[in-house]
Amino acid sequence: MQRTIDWDNGEIVIVDQCSLPHTHRILRLRTVEELVAAIQRLAVRGAPALGAAGALGTALAARLPDATEESVRAAADRLARARPTAVNLSWGVRQALAVLPDGADAVLARARNLLDADERVNRLASGHAAEEVLRRCPRRPLGLLTHCNSGRLATVAWGTALGVVWHLAEAEAVGEVLVDETRPLLQGARLTAWELAEAGIAYRVLPDGAAATAMAQGMVDCVLVGADRIAANGDVVNKVGTYGLALAAAAHEVPFLVVAPTSTVDTSLPDGTAIEIEQRSPEEVTRFAGEPVAPEGAAAFNPAFDLTPARLVTAVITEHGVRTPAPSC
Ligand SMILES: CSC[C@@H](O)[C@@H](O)C(=O)COP(=O)(O)O
């Protein structure tokens, strides 16, 4: 399976997620500045993939011929702050920095180990989640609903919540996947739909606002989402719109499952209220595909993520298994 992010010949190689689904382009990133820019324009995105980016970027800085401890730590700091919400980014940076005293080769080796572990851990977590779906949802075939993109593009390989769909499809249990388009940057319509089409799994894209209606009409057996940060009490921060989905799922008694590696769990936070929510440019909302759709000068509220309280989460599922309603990993 091709990796979304990898190391090749002294460079970081990523699938350019800004150009999908129309063009499958590979980008080679040679400096930390190029990587930070790629993270900020979401060419590489999704919490686990950001963890890998943090570790590989630290290796890039450590391998510069004139690298000093100070220069590597400064680059690592710029990387960790490139996006504030997904805890995996600073976690990946920290993992790599921990072996800096052992030299640049050790930093790269640590980063590469982290990439190998990502696929293993996400396959495990999504496998546990697939068993949970089969246990909780008796109807066959299953109608599943997901938000944003939590597939292989959001990870090094395989995926988290969308990884559950891969397992369930292998068990021939999937009827269709409803894919929230995921306004405003359309990670669902552009990326999740592309992954499902590639895998040959039936799907339909729906406006985010139609998800509650899909539940009311009995089309959804289970909601599956990933996470950018999970607090110790099980509060979940994920792509904006997740909170509304959780409210609708609770109202319709549809299981709402969150699937993530433990690197997404931030045990330093007792609950989610202190998690910094990235605010993005108003133009992402007031324009569509670059064209203005709101009156000139319109203001916008554009948080990239929202907070779903633990009470609305049926289970958080990691590589260690199912925690209901919340982890304290
Ligand atoms: C396994 S991905 C989990 C989350 O990172 C994902 O759902 C999400 O919200 C990504 O947001 P993005 O802004 O596209 O990086």
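In this convention, every chain numbers its residues from 1, walking through the sequence in written order. A pLDDT threshold of at least 70 governs which residues receive local features in this predicted model, and a stricter bar of 80 or more applies before side-chain atom pairs are shown or counted, although totals over entire chains, interfaces and linings include all residues.

**Some details on the packing of helix H5 (residues 104–136) against helix H6 (residues 161–170)**
Helix-helix packing is characterised by the crossing angle of the two axes and by the distance between the axes.
Logical step 1: Note on method: axes are straight lines fitted to C-alpha atoms, helices fitted across the in-contact stretch only, with angles between N-to-C directions ranging 0 to 180 degrees. Per the convention used, a helix needs a DSSP run of H or I reaching at least four residues, while a strand needs a run of E reaching at least two, with both numbered from the N terminus. Running from N to C, H5 and H6 point in directions that differ by 65°, and their axes come no closer than 8 Å. For the pair H5 and H6, the sense of crossing is right-handed. Between H5, through Asn-122, Arg-123, Ser-126, Gly-127, Ala-129, Ala-130 and Val-133, and H6, the contact on the second element is made entirely by Gly-163, Val-164, His-167 and Leu-168.
Logical step 2: Under this grouping Gly is polar, as are all residues other than the nonpolar Ala, Val, Leu, Ile, Met, Phe, Trp, Tyr, Cys and Pro and the charged Asp, Glu, Lys and Arg. In the contact of H5 with H6, the residues fall into 5 nonpolar, 5 polar and 1 charged. In a left-handed crossing the near helix is turned counterclockwise from the far helix by less than a right angle, and in a right-handed crossing that turn is clockwise. Throughout, a pair of residues is in contact if the C-beta atoms placed from their backbones lie within 7 Å.

**Comments concerning the sheet that holds strand S8 (residues 229–231)**
Logical step 1: Spatial ordering of the open sheet is given by S11-S8-S9-S14, a layout of 4 strands whose pairing is mixed. This sheet does not close on itself; its edge strands, each paired only once, are strand S11 (265–266) and strand S14 (305–308).
Logical step 2: A pair of strands is considered paired only if DSSP assigns at least 2 bridges between the two. Sheet analysis places S8 next to S11, joined by 2 bridges and oriented parallel. Pairing of Ile-230 across the sheet is with Val-265, part of S11.

**A closer look at the UniProt feature "site: Transition state stabilizer" (unreviewed entry) in the protein chain**
Logical step 1: UniProt positions are given in the numbering used here, feature names are shortened, and annotations may be inferred rather than shown by experiment. Sites flagged by UniProt as "site: Transition state stabilizer" (unreviewed entry) map to Cys-148.
Logical step 2: Within the element layout of this structure, Cys-148 appears in the loop between strand S4 (142–146) and H6.
Logical step 3: For the exposure call, what matters is how many other C-beta atoms sit within 10 Å of a residue's own: 20 or more marks it buried, 12 or fewer exposed, and in between partly exposed, using C-beta atoms placed from the backbone. Residue class for Cys-148 comes out buried when judged on the 30 C-beta atoms lying within 10 Å of it.
Logical step 4: Leave out the neighbours within four places in its chain, and Cys-148 touches Thr-182, Gln-187, Gly-188, Asn-238 and Lys-239.

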